[in-house]
Amino acid sequence: MRKVCSEVHSRDPQPVKIKKFIWSIEEKHKLLMCRTAKHGSTTWASIFVKMYTKGLSGGSQNRLRSLERMKVTPAKKLKAIYSLKSANHEYLSYFVCRNPVEKLLSVYNFKSWEQGTRGDR
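Rules used throughout
- Numbers given for residues are sequential positions, taken from 1 along each chain in its written order.
- For this predicted model, a pLDDT threshold of at least 70 governs which residues receive local features, and a threshold of 80 or more governs which side-chain atom pairs are given and counted, while totals over whole chains, interfaces and linings are taken from all residues.
- Only hydrogens and water are set aside when side-chain values are computed; all heavy atoms of the structure are taken into account.
- Each helix is a run of DSSP H or I of at least 4 residues and each strand a run of E of at least 2, with the numbering of both proceeding from the N terminus.
- Exposure is judged per residue with a 1.4 Å probe applied to protein chains only, and the accessible area is read against the type maximum: over 50% gives exposed, under 20% gives buried, and values in between give partly exposed.
- Only heavy atoms enter the contact rule, under which two residues are in contact if any of them lie within 4.5 Å.
- All accessible areas in this document rest on Shrake-Rupley with a 1.4 Å probe, and a residue is counted as covered only by the protein chains that are shown.
- Throughout, an axis means a line fitted to C-alpha atoms (over the contacting stretch in the case of helices), and angles, computed between N-to-C directions, take values from 0 to 180 degrees.
- Geometric relationships in this document are graded by angle, where less than 35 degrees denotes roughly parallel, more than 145 denotes roughly antiparallel, 65 to 115 denotes roughly perpendicular, and other angles denote oblique.
- Two helices cross in a left-handed way if the nearer one is turned anticlockwise from the farther one by less than a right angle. They cross in a right-handed way if the turn is clockwise.
- In this classification, the charged set is Asp, Glu, Lys and Arg, the nonpolar set is Ala, Val, Leu, Ile, Met, Phe, Trp, Tyr, Cys and Pro, and all remaining amino acids, among them Gly, are polar.
- Aromatic pairs are defined between Phe, Tyr and Trp rings, using the six-membered ring for Trp, whenever the two ring centres lie within 6.5 Å; interplanar angles under 30 degrees are classed as stacked, those over 60 as edge-to-face, and all others as tilted.
- Here, a salt bridge means any side-chain nitrogen of Lys or Arg that lies within 4 Å of a carboxyl oxygen of Asp or Glu.
- Taking the helix axis as origin, the arc is that swept by the directions to the C-beta atoms.
- Whenever two N or O atoms come within 3.5 Å, that pair is a polar contact, provided that in protein one can donate a hydrogen and the other can accept it, and provided that, for residues adjacent in sequence, both atoms are side-chain atoms.

(A) How the structure looks around the overall build of the chain. In terms of regular secondary structure, the chain is built from five helices and three strands. Reading the chain from its N terminus to its C terminus gives the helix and strand order α-β-β-α-α-α-β-α. Taken across its 121 residues, the chain has 21% of its residues classed as buried. For the chain, the proportion of contacts with a sequence separation of at least 24, taken over those separated by at least 6, is 51%. Put simply, the chain shows about 9,500 Å² of open surface, and 60% of that area lies on carbon and sulfur atoms.

(B) Representation of the packing of helix α2 (residues 41-52) against helix α3 (residues 61-71) within the structure. With their axes 8 Å apart at the nearest point, α2 and α3 run at an angle of 40° to one another. With respect to their mutual orientation, α2 and α3 come out oblique. Once α2 is placed against α3, the crossing between them reads as left-handed. Between α2 and α3, the contacting residues are S41, T42, A45, F48, V49 and Y52 on the first element and Q61, R63, L64, L67, E68 and K71 on the second. Of the residues belonging to the contact of α2 with α3, the class tally is six nonpolar, three polar and three charged.

(C) Local environment of the packing of aromatic side chains. One pass over the structure, following the stated rule, counts two aromatic pairs. A ring pair is formed by F110 and W113, whose centres lie 5.9 Å apart and whose planes are at 35°; its orientation type is tilted. Pair noted here: F110 and W113 are both in helix α5 (residues 100-118), with a separation of three residues, about one helical turn. Assessed through its relative accessible area of 43%, F110 is described here as partly exposed. Take W113: its relative accessible area is 54%, and that puts it in the exposed class.

(D) Region of the structure containing the pattern of salt bridges. Inspection of every chain in the model, using the stated rule, returns four salt bridges. For E27, the salt bridge is made with K76, and the minimal N-O distance between the two is 3.2 Å. With E27 in the loop between β1 (23-26) and β2 (31-34) and K76 in helix α4 (residues 74-83), this residue pair connects regions lying 49 residues apart in the sequence. Salt-bridge contacts for K77 lead to E68; the nearest nitrogen and oxygen are separated by 2.7 Å. Of the two residues, K77 and E68, both sit in the buried class.

(E) Quick peek at α3. Listing the buried residues of α3 in full gives L64, L67 and E68. Relative to the axis of α3, the buried residues are bounded by an arc of 105° and lie together on one face. Of the exposed residues in α3, those oriented more than 90 degrees away from the buried face are N62, R69 and M70. Lining the buried residues of α3 we find β1, α2 and α4. For α3, the N-terminal capping position is held by S60, with its side-chain oxygen 3.3 Å away from the main-chain nitrogen of N62.

Here it is in C-alpha cells:
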C-alpha cells in the first residue's frame, strides 16, 4: 500500500507558477481579470484605465499595465491573485470567454467584407 501511495503521490501535478502579467487588477473596486486573447481584453483594459483615471481617459493594455505598476506593487498583485484560492477572498475575479460559433461567424463576416473591399472575389 505504501508503494502504491508513494507512486501516486509522485505523479501529483507540480504547482503552477502564476503569470501575473496576464492578470489586471483594480484595487478600489476589488477586481481581478484574467486576460485572454481575442475575447475583449482591449475593451476591458480601456474600462480599467477609465477606473484608474476616474473617467478622464481610456487606453490600451500598455497604458493599463503602466497605471497598474504605479498603483499596485507586484507583491500586492500576486497576493491578491493567490488569495483567490481562499473561499473568503476580497476580489471579484473573472475572465471573458467568447462563444466560439459567434467568434467564427465574426471572422467569416470580416473576411467576406475584407475581400469585398479589395475586390478579391
